[in-house]
Amino acid sequence: MKNKKKRRDFLKILGFTTLSVTLAACKGPVIESIPYIIKPDSITPGVYNYYASTMFDGFDFGNVIVKTIEGRPIGIESNKKSKYFNSMSSRIKSSILSLYDNERLKFPSIKKRKISWKKIDKIIINELRNISNSKKKIVILTSSLPSPSTREIISDFTKVYKNTNHIIYDNISYSSTLDAVKKVLGIRAIPYYDLSEIELLISFDADFLGDWSPQDFHKSYSKRKKPNLTMLNHIQLESNMSLSGANADLRIPINPHEIYNLLIEVYKAMNNKSSNRLAVSLVKKIFKKGKKTLIIADGNQEMYEISLLMNNHIQSNAIKNKKFIFLKESNDKIILNLMNDLKNVGALLIFNTNPVYSFFDKKKIDNIKDIPLTISFAMKEDETSDYMDIWVPIPHWLESWGDYIAITGMYSLRQPTIRKIFNTRQFEDTLLKWIKGNPEHVKINDLFLNTHKIINYYDYLKFFFEEKIMKRTFLNSFNKALFYGSIKIKERKIDLRYKKSISFLKQKKINKFELRLYTKVSMGDGRQFDNPWLQELPDPITRTTWENYMTMSYTDANALGIKNWHVGNGAMNGNCVNLIFDSIIIKNIPVYIQPGQSIGCLGLSFGYGRKKGKIAKQSRGINAYALYKNFNSIQDNIKLEKSKKKYKFSCIQLQNTTVGRNNIARETDLFTYLNTNKVFWNKEFLIKNKNNKINGNKITIWESLKEDNGHHFNISIDLNKCTGCTSCIIACNSENNIPVVGKEEVRKYRDMHWLRIDRYFSTKKNKKKYNNKNPFIEPFLYKNYLEPEYKNPKVIFQPIMCQHCNNAPCETVCPVGATTHGKQGQNMMTYNRCIGTRYCANNCPYKVRRFNWFNYYNKEQINLTSKLSRMILNPNVVVRSRGVMEKCSMCIQLTQSIILTAKKEERKIKNNEFQTACSKICPTNAIIFGDINNKRSKIFKRKINNRSYKLLDFLGVKPNVFYQVKIRNLKKNKY
């Protein structure tokens, strides 16, 4: 009986078979945990439940749907019913992994000694009362906090505890942007840009497909890239090779200070006061398109002001909606004042931010140690928590309540989808406890403070919604709002007053290197540094994993004697440099020689160099925040010297070009596409057969195969819409239980990703002899070999997964019949049969099969897994073991689920109902999955489109994956 009791308690607490904080559509939220002995009506074993929620971690924001099974979240999907922030990035998708991290803080502590919540509350309340009565300040330091209910609680806290200041600190500051908008438009927020009526977009070093703005541009950008007469023309002037630059129709590499000078010349040229040829040329394009133009800029406050003034001058359609984003609230002046005044602070409460890691002045930040009362609200131990005496652990966002106003006219709610795994407490609950614990709160006349209905933050949030939000919505209950997750609220009128002119217009001159700090798609500001999915996610531009590095142009690298080279096993090594900046010396920074990098400019990404966490043992990298002086992403007067150290990169793609095989990733220009026949830009490859030529796809050795019988699944990938955002890779990892292999295994090309996004640089003919000193010439000796334009290459992204060939070459060589062809067009793997000969991988022309060299989920030396972390696994997909080959299955578990559901409900399958993990998450709809035998489906319409082609179709393997030719908006074919 004793053992049974323990087992029952275990089930109740951890929730392997529990319903944890279940919130049904219009039903009341269930706060208690229910054991499976009495099965809840809303839970069916093996069947997914979905809950609308909101993900916000201080940097990324998204309206999401959380997929749970048997009481535990296993996936995050986008909330398509939300009008805004309904796209899914790789970081938002990956954030679920940290829920099951065994290194999370499990209980409150004082100086790392465990203590109960009751005792710690009593101690802190007494300390806060004493400090409040003294002349010392109480500072609540948080990341940007667009939560109206949390703001109200903090306001209540400041009423009870006098001398309390709430200060915003973001690792990456948006202060210059906010100040510029405030100065020009009169509101301190970030404009929401509408691209639906824009035909010309000119970006001055603004990586808008990255993290330049909290707005997700991928969906709206791809919609405007539809090849027609009104197709968006994108011109990018930038220093680093960014995701935006890689997708541009015309990219001009130029240094940051030259971009600043050019922007001034463009502004002058709009008033006929410039003789700069490039500026005059850009202004002609701008005036030709008029209000259908959008101009954006990044760098400093002045550049943002100029871009806003130019958009106002042409009355740009992009900003006529008067919508603003409220996700960023940084203020550099306030933060710098705080850091200079830490000696007068009596209590410092830090929530969801990490200044010790990210603040550039380490001498000032060390003063935190001298503050009498320091409290850390963190989910995991980090660099800042080591400076704090008291640790008050907070739950994961999937275990939390919350609300947000992220954009004008939208209100979002967060609800927990699992019971708290550890003994944690929300930041808001803790503040409420400390407010109620101070007898002074009864003296303050405040409805929210003194209502008896409020016991915890859930009660407070519900009461807040009913009192202050519900009147602005079309809903009449809190539970209905939870069902939708994101709801429309009545907009408050905003009066904008444009400033008409600027007076600074001073050009810059730089002699030494400039450094451009940037964020990676995978790592962002570094708060998810400890996430192994993101660490192993290949960067879309450099194709490297597990590290950051300094990007440098080939010209600068050649002058310093810096090289990247390949070693015997095919991996890449490179030289390192020492960086000298003011009094800062950073030694042994690895250098990646980046095609397209502007000469005289260096690039270094944020988010690495963390010292805490399990990942730090494998990938520390370089802490770029040490160079983030005065919150400026561009630093000049950088000195470099070559060091003796050699670095080992973990890069999954080293062949940068198609080596002349232009039929692989096909592209053409808009003029050619609209005015010439398909045979000129999408030629069909024919095979000679005696006296005639036939299409290789019409030849088959499988006479009994009938593609038009029943369902036949295909995948379509539009190269014109694929921006290389990498969301599909993480979605595939999450859905199909793909393991992380670690830095050393990736270096040996043993990565396990079922889906990869190949990145190719465009090429030009070069009749010179092979020059092995150029690291970008592929080592293939052709008569007219191709050399990349490493000074300014054109970039194309091509997602590659198993092509599910109807004439599959892998099937004919498998000695045990482990890989076979299904009736629905899927090439299937029977894992129990596979004996690991790898014949199939050798015979695959697409190189998409992955071999399990180890039992990666049990490999302790990787230090990425634990028993708790296995709760993330999808029970509908088997976990593969050592010696087994695996690859894309077209998410057969999802297709079969839809077929069985329709059969159970006695209905026909809805049009476009079939989805895979990659097609479901793709923010641009570049990837579409469906039944090709359904003539009304999107997949069928794409297949008969004249841009459709199949990869390596001349082999006659008849793949079930096909692509659409990429179209660049240029008048002449320059490629």
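Before reading on, note that the structure itself is shown above.
Summarised in this report is the structure supplied together with it. (Residues numbered from 1 in each chain as written. Predicted model: local features only at pLDDT ≥ 70, side-chain atom pairs only at ≥ 80, totals over all residues. Heavy atoms only, no water.)

### Overview of the overall build of the protein chain
Next up, step 1: On a plain count of helices and strands, the protein chain comes out with 28 helices and 44 strands.
Next up, step 2: Within the protein chain, counting contacts between residues at least 6 apart in sequence, those at least 24 apart form 74% of the total.
Next up, step 3: Of the accessible surface of the protein chain, which amounts to about 41500 Å², a share of 50% is contributed by carbon and sulfur atoms. (Helix = DSSP H or I, 4+ residues; strand = E, 2+ residues; numbered from the N terminus. Contact = heavy atoms within 4.5 Å. Areas by Shrake-Rupley, 256 points an atom, 1.4 Å probe, with all protein chains shown as cover.)

### Side note on empty space enclosed by the protein
Next up, step 1: A complete count under the given rule lists 10 cavities of 30 Å³ or more for this structure.
Next up, step 2: What the largest cavity holds in volume is close to 410 Å³.
Next up, step 3: What lines the largest cavity is a set of 29 residues, among which D60, S89, R91, G210 and D211 lie closest to the centre.
Next up, step 4: Looking at the lining of the largest cavity, the elements that each hand over two or more residues are β4 (61-69) and α2 (90-94).
Next up, step 5: With 3 residues, the single largest contributor to the lining of the largest cavity is α2.
Next up, step 6: Grouping the amino acids of the lining of the largest cavity by side-chain chemistry returns 15 nonpolar, 9 polar and 5 charged. (1 Å grid on protein atoms, 1.4 Å probe; cavity = no way out; pocket = protein on both sides within 12 Å on 5 of 7 lines; lining within 4 Å. Points joined across faces, edges and corners; volume = space filled by probe spheres on them. Nonpolar A, V, L, I, M, F, W, Y, C, P; charged D, E, K, R; others polar.)

### Focus: the pairing of strand β26 (residues 584-593)
Next up, step 1: Across 3 bridges, strand β23 (residues 550-552) lies against β26 in parallel orientation. Bridge assignment links T551 to a residue of β26, and that residue is Y592.
Next up, step 2: Bridge count for strand β25 (residues 572-581) against β26 is 5 bridges, and the pairing is antiparallel. Bridge pairing in β26 places C576 opposite P590.
Next up, step 3: What sits between the antiparallel neighbours β25 and β26 is a turn of 2 residues, in which D582 has the positive phi angle 55°. (Pairing = 2+ DSSP bridges.)

### A few points about the pattern of salt bridges
Next up, step 1: Within this structure, the stated rule accounts for 35 salt bridges.
Next up, step 2: Here D121 makes a salt bridge to R425, at a shortest N to O gap of 2.7 Å. Linking D121 in helix α3 (residues 117-133) with R425 in the loop between β20 (410-414) and α14 (427-436), this pair joins segments that are 304 residues apart in sequence.
Next up, step 3: On the basis of relative accessibility, which here comes to 10%, the residue D121 falls in the buried class. (Salt bridge = Lys/Arg side-chain N within 4 Å of Asp/Glu carboxyl O. Buried < 20%, exposed > 50% of the residue type's maximum accessible area, 1.4 Å probe, protein only.)

### A few points about the pairing of strand β36 (residues 795-800)
Next up, step 1: Counting buried positions over the 6 residues of β36 gives 6, a clear majority of the element.
Next up, step 2: Because side chains alternate across β36, one face comprises the buried residues V795, F797 and P799, and the other comprises I796, Q798 and I800, equally buried.
Next up, step 3: Both strand β33 (residues 756-761) and β36 contribute to a ladder of 6 bridges, which runs antiparallel. Directly across from D758, in β36, lies its bridge partner Q798.

### Comments concerning helix α22 (residues 727-736)
Next up, step 1: With 10 of its 10 residues buried, α22 lies for the most part within the structure.
Next up, step 2: Looking at α22, one finds that the buried residues are S727, C728, I729, I730, A731, C732, N733, S734, E735 and N736.
Next up, step 3: Of the residues flanking the end of α22, it is N737, one or two places downstream, whose phi is positive at about 55°.

### Regarding the packing of helix α4 (residues 148-160) against α14
Next up, step 1: Across the interface, α4 lies against α14 with an axial gap of 10 Å and an inter-helix angle of 25°. Between α4 and α14, the interaxial angle falls into the category roughly parallel. Considering the relative orientation of α4 and α14, their crossing is left-handed. Here T150, I153, I154, D156, F157 and V160 of α4 lie close against α14, whose contacting residues are F427, E428, L431, L432, W434 and I435.
Next up, step 2: The residue inventory of the contact of α4 with α14, partitioned by class, reads 9 nonpolar, 1 polar and 2 charged. (Axes fitted to C-alpha atoms, helices over the stretch in contact; angles between N-to-C directions. Parallel < 35°, antiparallel > 145°, perpendicular 65-115°, else oblique. Left-handed = near helix turned anticlockwise from the far one by under 90°.)

### Quick word on a nonpolar patch on the surface
Next up, step 1: Together, F474, F483 and Y484 line one region of the surface with nonpolar side chains, adding up to about 320 Å² of accessible area.
Next up, step 2: Inspection of the secondary structure assignment puts F483 in helix α17 (residues 478-484).
Next up, step 3: The exposure class assigned to F483 is partly exposed, which follows from its relative accessible area of 38%. (Patch = residues over 30% accessible without salt bridge, like charges linked within 9 Å, V, L, I, M, F, W, Y side chains within 5 Å.)

### Examining the sheet that holds strand β13 (residues 250-253)
The strands that make up a sheet pair up through hydrogen bonds in the backbone, lying either parallel or antiparallel.
Next up, step 1: On the basis of which strands lie adjacent, the open sheet formed by 4 strands has the order β13-β12-β11-β14 and parallel pairing. Two strands bound the open sheet, and with one partner strand each, they are β13 and β14 (293-297). Ignoring strand direction, the axes of neighbouring strands in this sheet form an average angle of 10°.
Next up, step 2: Sheet analysis places strand β12 (residues 233-238) next to β13, joined by 4 bridges and oriented parallel. Of the residues in β13, the one forming a bridge with I235 is L250.
Next up, step 3: Packing of helix α9 (residues 277-289) onto the sheet brings it into contact with β11 (200-204), β12, β13 and β14, and relative to β11 it is tilted by some 145°.
Next up, step 4: Against the sheet, helix α10 (residues 301-313) engages β11 and β14, with an angle of about 170° to β14.

### Observations concerning the packing of helix α8 (residues 256-269) against α9
Next up, step 1: Packing of α8 against α9 brings their axes to within 8 Å, and their N-to-C directions diverge by 55°. By the angle between their directions, the pair α8 and α9 is classed as oblique. With respect to the hand of their crossing, α8 and α9 are arranged in right-handed fashion. Facing L262, E265, V266 and A269 of α8, the residues of α9 in contact are L278, A279, V280, L282, V283 and I286.
Next up, step 2: For the contact of α8 with α9, the per-class residue count stands at 9 nonpolar, no polar and 1 charged.

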